[in-house]
Amino acid sequence: MTADHVISQIRGQITRPDIAKTLVAKKWAVDNQDAFNLFLNPGRAAYVPMNGPSFRQAIQAIHAAGGIAVWAHPYTIYKFKKTPWVFSGKNYYDFETLAEDMMQAGLDGFQLYTPGWERFMDVKVSSFAEAYRKKSGKQLVLT
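In this text the structure is predicted, and so the values were computed from the model without any measurement. (Residues numbered from 1 in each chain as written. Predicted model: local features only at pLDDT ≥ 70, side-chain atom pairs only at ≥ 80, totals over all residues. Heavy atoms only, no water.)

(A) Fine view of the overall build of the protein chain. Along its length, the protein chain carries seven helices and five strands. Listing every helix and strand of the protein chain by position from the N terminus yields α-α-α-α-β-α-β-β-α-β-α-β. The buried share of the protein chain, reckoned over its 143 residues, is 31%. Contacts spanning at least 24 positions in sequence make up 51% of the contacts within the protein chain whose residues lie at least 6 apart. Total accessible area on the protein chain is roughly 9300 Å²; 56% of this is exposed by carbon and sulfur atoms. (Helix = DSSP H or I, 4+ residues; strand = E, 2+ residues; numbered from the N terminus. Buried < 20%, exposed > 50% of the residue type's maximum accessible area, 1.4 Å probe, protein only. Contact = heavy atoms within 4.5 Å. Areas by Shrake-Rupley, 256 points an atom, 1.4 Å probe, with all protein chains shown as cover.)

This is the structure:
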């Protein structure tokens with residue numbers, strides 16, 4: 001597969017996995033994991049930290065547009081980041097504290113079902129959602 005072929009298949013945003021595939025096609029990396037390890041992970045030459053609104057601002061914007069704010073891919077904090085996780089200028093050392101702060105900011109729910117992460121995240125998110133419902137009376141959206 002050539003880099004031109006990989007690039008021609010990209011639709012919408014160009015993401016880090018798209019860049020990894022291109023690095024593999026160009027033979028600058030052996031596979032996607034190698035591309036991340038060499039170039040795309042934090043501290044590497046091609047890594048660019050995400051800059052954007054705080055989760056409070058994002059949740060407010062979603063609500064202002066009439067939407068429901070759901071945390072997509074919560075498992076990625078475990079997959080790509082080591083603690084402390086830094087969100088909205090605060091250090092987080094566990095999922096529950098981060099999730100609690102996001103709930104206080106108005107988060108409506110979580111993506112629950114993620115292929116490959118069922119044993120870990122489905123239980124962790126389900127447990128958090130049930131404990132939060134009991135404490136607050138708020139039923140969370142679980143997608």
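Don't stop here, the text continues.
(B) Representation of the pattern of salt bridges in the model. Considering all chains together, one arrives at five salt bridges under this definition. Of the charged contacts in the structure, one is a salt bridge between Asp 108 and Lys 138, with a shortest N-O distance of 3.7 Å. With a gap of 30 residues between them, Asp 108 in the loop between helix H6 (95–104) and strand E4 (109–110) and Lys 138 in the loop between helix H7 (118–136) and strand E5 (141–142) connect regions that are remote in the sequence. For Asp 108, a relative accessible area of 15% corresponds to the buried category. By relative accessible area, Lys 138 is classed as partly exposed at 28%. The closest approach of N and O atoms between Glu 130 and Arg 133, which form a salt bridge, is 2.4 Å. Here Glu 130 and its partner Arg 133 are both found in helix H7, three residues apart, which amounts to about one turn of the helix. (Salt bridge = Lys/Arg side-chain N within 4 Å of Asp/Glu carboxyl O.)

(C) Inspection of the packing of helix H4 (residues 55–64) against H6 at higher detail. At a closest axis distance of 9 Å, the pairing of H4 and H6 adopts a crossing angle of 40 degrees. Taken together, H4 and H6 sit at an angle that is classed as oblique. The hand of the H4/H6 crossing is right-handed. Touching Phe 55, Arg 56 and Ile 59 of H4 are Leu 98, Asp 101, Met 102 and Gln 104, all from H6. (Axes fitted to C-alpha atoms, helices over the stretch in contact; angles between N-to-C directions. Parallel < 35°, antiparallel > 145°, perpendicular 65-115°, else oblique. Left-handed = near helix turned anticlockwise from the far one by under 90°.)

(D) Here's a closer look at the packing of aromatic side chains. The full count for this structure, using the stated rule, is six aromatic pairs. Their ring planes at 25 degrees and their centres at 5.5 Å tell us that Trp 71 and Phe 95 sit as a pair that is stacked. Here Trp 71 is found in strand E1 (residues 70–71), whereas its partner Phe 95 is found in helix H6, with 24 residues between them in sequence. Summarising the burial analysis for this pair, Trp 71 and Phe 95 share the class buried. When the ring of Trp 71 is compared with that of Phe 110, the centres are 5.6 Å apart and the planes differ by 40 degrees; the resulting orientation is tilted. In this pair, Trp 71 is assigned in strand E1 and Phe 110 in strand E4, connecting sequence segments 39 residues apart. Joined through ring pairs, the aromatic side chains of Trp 71, Phe 95, Phe 110, Phe 128 and Tyr 132 make up one cluster. (Phe/Tyr/Trp six-rings, centres within 6.5 Å; stacked < 30°, edge-to-face > 60°.)

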